[in-house]
Structures are given as C-alpha cells and as structure tokens.
Number of protein chains: 2
Amino acid sequence: MPESEQDGLDSFDLAILDILQRDNTTAHRIIGERIGLSAAAVHRRVRRMHENGVITGNFAVVDPGRVGQPITIVVEVEIESERLDLLDAARRSFAADRSVQQCYYVTGEADFVLIVTVASMADYEALTRRLFFENHNVRRFRTLVVMDRIKAGLAVQLPERPPRRIR
Amino acid sequence: MPESEQDGLDSFDLAILDILQRDNTTAHRIIGERIGLSAAAVHRRVRRMHENGVITGNFAVVDPGRVGQPITIVVEVEIESERLDLLDAARRSFAADRSVQQCYYVTGEADFVLIVTVASMADYEALTRRLFFENHNVRRFRTLVVMDRIKAGLAVQLPERPPRRIR
DNA sequence: GTTGAAAATTAACATTC
DNA sequence: GAATGTTAATTTTCAAC
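All figures in this text were calculated on a predicted structure; none of them were measured in a lab. (Residues numbered from 1 in each chain as written. Chains lettered and ligands numbered in written order. Predicted model: local features only at pLDDT ≥ 70, side-chain atom pairs only at ≥ 80, totals over all residues. Heavy atoms only, no water.)

## Here's the deal with the overall build of chain A
Scanning chain A from N- to C-terminus turns up 5 helices and 5 strands. The C-alpha radius of gyration computed for chain A amounts to 21 Å, which surpasses the reference 15 Å derived for 167 residues by more than 25%, pointing to a less compact arrangement than a globule. Each principal axis of the C-alpha distribution contributes one length, and for chain A these read about 55 × 45 × 25 Å. For chain A, buried positions account for 45% of its 167 residues. For chain A, restricting intrachain contacts to residue pairs at least 6 apart in sequence, the fraction spanning at least 24 positions comes to 65%. Per element, the accessible surface of chain A, about 8700 Å² overall, is 49% carbon and sulfur. Charge-centre separation for chain A: the mean point of 23 positive side chains lies 6 Å from the mean point of 24 negative side chains. (Helix = DSSP H or I, 4+ residues; strand = E, 2+ residues; numbered from the N terminus. Rg over C-alpha atoms; globule rule 2.2 N^0.38 Å. Buried < 20%, exposed > 50% of the residue type's maximum accessible area, 1.4 Å probe, protein only. Contact = heavy atoms within 4.5 Å. Areas by Shrake-Rupley, 256 points an atom, 1.4 Å probe, with all protein chains shown as cover. Lys, Arg positive; Asp, Glu negative; His and termini not counted. Charge placed at Lys NZ, Arg CZ, Asp CG, Glu CD.)

## What to know about the protein's contact with DNA strand D
For DNA strand D, the set of nearby residues contains 13 residues, the closest of which are His28(A), Arg29(A), His43(A), Ser38(B) and Arg45(B). Across the atoms of DNA strand D situated within 4 Å of the protein, the share located in sugar and phosphate is 65%. One of the backbone N or O atoms of His28(A) is found 2.9 Å from a phosphate oxygen in DNA strand D. Between DNA strand D and Arg45(B), the relevant distance is 2.3 Å, taken from a phosphate oxygen to a side-chain nitrogen or oxygen of the residue. Going through the elements one at a time, helix 2 (28-35) and helix 3 (39-52) of chain A together with helix 3 (39-52) of chain B are the ones with two or more residues in the surface near DNA strand D. Within the surface near DNA strand D, the residues separate by chemical class into 5 nonpolar, 3 polar and 5 charged. (Near = heavy atom within 4 Å. Polar contact = N/O pair within 3.5 Å; in protein donor to acceptor, adjacent residues only side chain to side chain. Nonpolar A, V, L, I, M, F, W, Y, C, P; charged D, E, K, R; others polar.)

## A short note on the relation of the copies chain A and chain B
Rotating chain A by 180 degrees about the axis while translating it 0.0 Å along that axis superimposes it on chain B, leaving an RMSD of 0.1 Å. Read as a symmetry element, the transformation amounts to a two-fold axis. By C-alpha distance to the rotation axis, the residue of chain A lying nearest is Phe59(A), at 2.8 Å. Most of the interface of chain A is mirrored in chain B, where 100% of its interface residues are also at the interface. (Least-squares fit on C-alpha atoms with pLDDT ≥ 70 in both.)

## Describing the protein's contact with DNA strand C
Close contacts around DNA strand C come from Leu37(A), Ser38(A), Ala40(A), Ala41(A), Arg44(A), Ala27(B), His28(B), Arg29(B), His43(B) and Arg44(B), and that covers them all. Sugar and phosphate atoms represent 67% of those atoms of DNA strand C found within 4 Å of the protein. Of all elements in the fold, only helix 3 of chain A together with helix 2 (28-35) and helix 3 of chain B reach the threshold of two or more residues within the surface near DNA strand C. Looking at the surface near DNA strand C residue by residue, the classes come out as 4 nonpolar, 3 polar and 3 charged.

## What to know about the pairing of strand 2 (residues 71-79) of chain B
Residues and elements named next belong to chain B. By the criterion of burial, strand 2 is predominantly enclosed, with 7 of the 9 residues buried. As judged from the 7 bridges shared by strand 2 and strand 4 (residues 112-118), these two strands associate in the antiparallel manner. Bridge assignment links Val74 to a residue of strand 4, and that residue is Ile115. In this sheet, strand 5 (residues 138-152) lies alongside strand 2 in antiparallel orientation, the contact comprising 7 bridges. Across the sheet, Ile73 pairs through a bridge with Val145, a residue of strand 5. (Pairing = 2+ DSSP bridges.)

## As for the pattern of salt bridges
All names here are of chain A. For the structure on display, the rule yields 32 salt bridges over all chains. Of the charged contacts, one joins Arg139 and Glu78 as a salt bridge, the two residues approaching to 3.7 Å between their closest N and O atoms. Highlighted residues: Arg139 in strand 5 (residues 138-152) and Glu78 in strand 2 (residues 71-79), separated in sequence by 61 residues. Measuring nitrogen to oxygen at the nearest pair gives 3.5 Å for the salt bridge that ties Arg139 to Glu80. Here Glu80 lies in the loop between strand 2 and helix 4 (84-96) and Arg139 lies in strand 5, a separation of 59 residues in the sequence. (Salt bridge = Lys/Arg side-chain N within 4 Å of Asp/Glu carboxyl O.)

## Things to note about the packing of aromatic side chains
Under the counting rule described, the total for this entry stands at 10 aromatic pairs over all chains. Taking 4.6 Å as the distance between ring centres and 35 degrees as the angle between the ring planes, the aromatic pair formed by Phe132(B) and Phe141(B) counts as tilted. Among the aromatic residues, those joined into a ring-pair cluster are Phe94(A), Tyr105(A), Phe112(A), Phe132(A), Phe133(A) and Phe141(A). Positioned over the ring face of Tyr105(A) is Arg91(A), at 5.3 Å from the centre of the ring. (Phe/Tyr/Trp six-rings, centres within 6.5 Å; stacked < 30°, edge-to-face > 60°. Lys NZ or Arg CZ within 6 Å of the ring centre and 35° of its normal.)

## Section: the sheet that holds strand 3 (residues 100-106) of chain A
An order of 2(A)-4(A)-3(A)-5(B)-2(B)-4(B)-3(B)-5(A) is seen for the 8 strands of this closed barrel, with the pairing classed as antiparallel. Going from strand to strand, the sheet's axes swing by 35 degrees on average, the running direction of each strand aside. The sheet contacts of helix 5 (residues 121-133) of chain A involve strand 2, strand 3, strand 4 (112-118) and strand 5 of chain A, and relative to strand 5 of chain A the element is tilted by about 140 degrees. Against the sheet, helix 4 (residues 84-96) of chain B contacts strand 5 of chain A together with strand 2, strand 3 (100-106) and strand 4 of chain B, and its axis sits at roughly 25 degrees relative to strand 4 of chain B. (Axes fitted to C-alpha atoms, helices over the stretch in contact; angles between N-to-C directions.)

## So, the packing of helix 2 of chain B against helix 3 of chain B
Residues and elements named next belong to chain B. Contact geometry of helix 2 with helix 3 gives a least axis separation of 8 Å together with a crossing angle of 105 degrees. Taken together, the axis directions place helix 2 and helix 3 in an arrangement best described as roughly perpendicular. Along its contact with helix 2, which presents His28, Arg29, Ile31, Gly32 and Ile35, the element helix 3 presents Ala39, Val42, His43 and Val46. (Parallel < 35°, antiparallel > 145°, perpendicular 65-115°, else oblique.)

## Topic: the interface of chain A and chain B
One widely used convention gives an interface's size as the accessible area the parts lose upon coming together. The interface is formed by 71 residues belonging to chain A together with 71 residues belonging to chain B. Of the roughly 6700 Å² buried where chain A meets chain B, counting both sides, 54% is carbon and sulfur surface. Contact with chain B buries area across many residues of chain A, yet Arg66(A), Lys151(A) and Gln157(A) alone supply 12% of it, more than any other trio. For the pair chain A and chain B, the number of links is 6 salt bridges. Between Glu109(B) and Arg142(A) there is a salt bridge, and its shortest N-O distance comes to 2.4 Å. Summed over the shared surface of chain A and chain B, the number is 43 residue pairs in polar contact (both at pLDDT 80 or more). Mapped by element, the contributors of at least two residues to the side of chain A that touches chain B are helix 1 (11-22), strand 1 (55-62), strand 2, helix 4, strand 3, strand 4 and strand 5 of chain A. With 11 residues, the top contributor of residues to the side of chain A that touches chain B is strand 5 of chain A. Classifying every residue of the side of chain A that touches chain B by side-chain character gives 35 nonpolar, 21 polar and 15 charged. Pairing of strand 3 of chain A with strand 5 of chain B involves 5 bridges; the strand directions are antiparallel. Paired with Val106(A) across the two strands is Val146(B), which belongs to strand 5 of chain B. (Buried area = accessible area lost by both parts, 1.4 Å probe.)

Take a look at the structure:
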C-alpha cells in the first residue's frame, strides 16, 4: 500500500476542529465566516476529516444525573495474569458492559481504569460482582467515588501550529 | 419559584437521547420515523432537553493521536490539606489546564483523578511541574500511562423505562 | 469559491388527547 | 392545557460547475 494516507491537517482544519469540539451544530456558513473560508470549503474539509478518522464521532452528551445515573465511579483494576487471552477476556467484558462509560488499559500500579455510571450503590455492587468477583483473573480493585465532575468533556487540546505539514 | 422544573422524561425522550448519544447528526425526520413521531415533535423535544440541561452539549470527538496528542495518561492526585480554599485552587488549576481532558474530585485513596492528553512525555513532565510540583498542596501523584483506549465515549446508559414519571 | 438543487431546521396553525 | 401533526418559510447541506 502507498504511504500517502497521512494527517496533513492545516491550520484551517484545526480551526474547524476547535469549533466542532465545542459545538458540532455550528453551521458551516458560520464556521466559514469565523475562519475566513466559504461554507462549501468547510463542508468538504469536515467530510474529509470524518472519512479520515480524525473526527471519530458526533455525539450529544447527556447529563447522567438526569437519566437516573447519578453516581459516577472511577475503578482501578489489577489483574492476576497478563496472559493475552485472559487480558482480552477482561477487556471485552469491561467494554461490553453498559454501565462502563470509559475503559483504559494502563501501565503502572493498575492494569485497567474504568469510569462507570450507576443508578445506586446497590447497582455498583452488582457491577463489581459480575465484572470483578466472577472474573478469577481480577486480583483486586479500588473504588473512587466521584463527588464532583469538575471537567468531563472529551475535547482534545489542539496545537497552535499544525502538528506536521505533509508534502 | 415554583417546584415545577423536574425531569419528566418519557420514553420518547429516552429513545431520542439513545439515538443522539450515538450520532447527533441524525436528522429529526429519521429519528421521528424510528420512534413514531413527526420531525417537528422530535425537534421540540430536543430543544427542550437542551434548555433543561438534560443534553449538556453537542460535540465532535477528535482522535487525539491525529492532532499531535498521542499520549493519554490517567493521574491520581493526593492533596495535603482539604481546606476549602486550597481545594478550590487545585480544582481550578486542573480544570483550566488545556491538557486536562477530564477531572474528577473523588473520595477514597485519592482526591482527584485527571485524564490528560499530551504530545510527548516531556510535555507530561512539564505538566507535572506546573500542576503538581509547583502546587504545595499536592502531596503526591500516581501516573498511569494509557496503552489502549478500549472505550472512550461519554454515552450514558439509559433506563429501559423512564426513571420517574412526573404527573 | 460560487451557484443552484435537495434536504433539513424551524415557526405557525389547526387538532387531538 | 399540553403535545402532536401538517403546512410553509427559512436555512443549511451538498453536489456540480
């Protein structure tokens, strides 16, 4: 395969991302006015970034407390064996669980970090049973109950200058 | 003030949220077809949920690796004093930092959990300097480098049945 | 980048529960 | 009275030039 598929984001692309990360309902015409481009040019760039995988999705974010999930918990999980098949099994069971909003595989004193939302502590206990106690590969886990979601977005910091100019 | 402002989400609202959490570019007409409502009715409900704060935002999600931020790190921070003013100062400095994507105030063995994205480990060291070493209220911090973002969305689990039927 | 057609959003109105 | 569906006007999206 050719080595063409690269980032190649210029400062216009980054300016567009900066806006869409805050509000992706902003009309292309408005974006164009702000960054000095026509609406059509903005449209083409947005579509290309979506196809290229730079933009991975467009989501509405819901306040968990308003839909019956008032409790957020950070869980650190330590596993027994790092055997690939066992690791993968854990990975999959965590990712598949509907209460698990985020799941990271990490190095350091823990192996996984999960961010879960639940309706009640009883529900959390049920989660620990099905995800941790019933999985013999889980050595231990630490529960950190979230008292305040100080910052909970997914907006990525964008470079002032394009990260790398291709060609 | 009246005690009227309540959730009052019905199953239509939840069905709409379920769709918008996956893709908020879905046209109201399409949503209407799927759940059995007109486009106008969908539009009104979406607008109301936005105003009510049920929908907290509409975002495009960007792949951090594609915009020069290939490293994700989970950081647990322990602080010295829980004095309110000092706590608030820490809170604010974490939230204000552009590299900090998420910040939670938690109970348990840590006080804050941060999720940060950076361009390099040198940048992470710079971050630890400005956020932790220069803040004398930080007792210690643990670094968990993310090797795999297994699940990184913010979609909240929605109840099958409405959480509470008002009136 | 501009133009023009198709589609979506949005407001206004009549109607039903 | 609150919420729905229909209609119509406005705006946006999107393809062609």
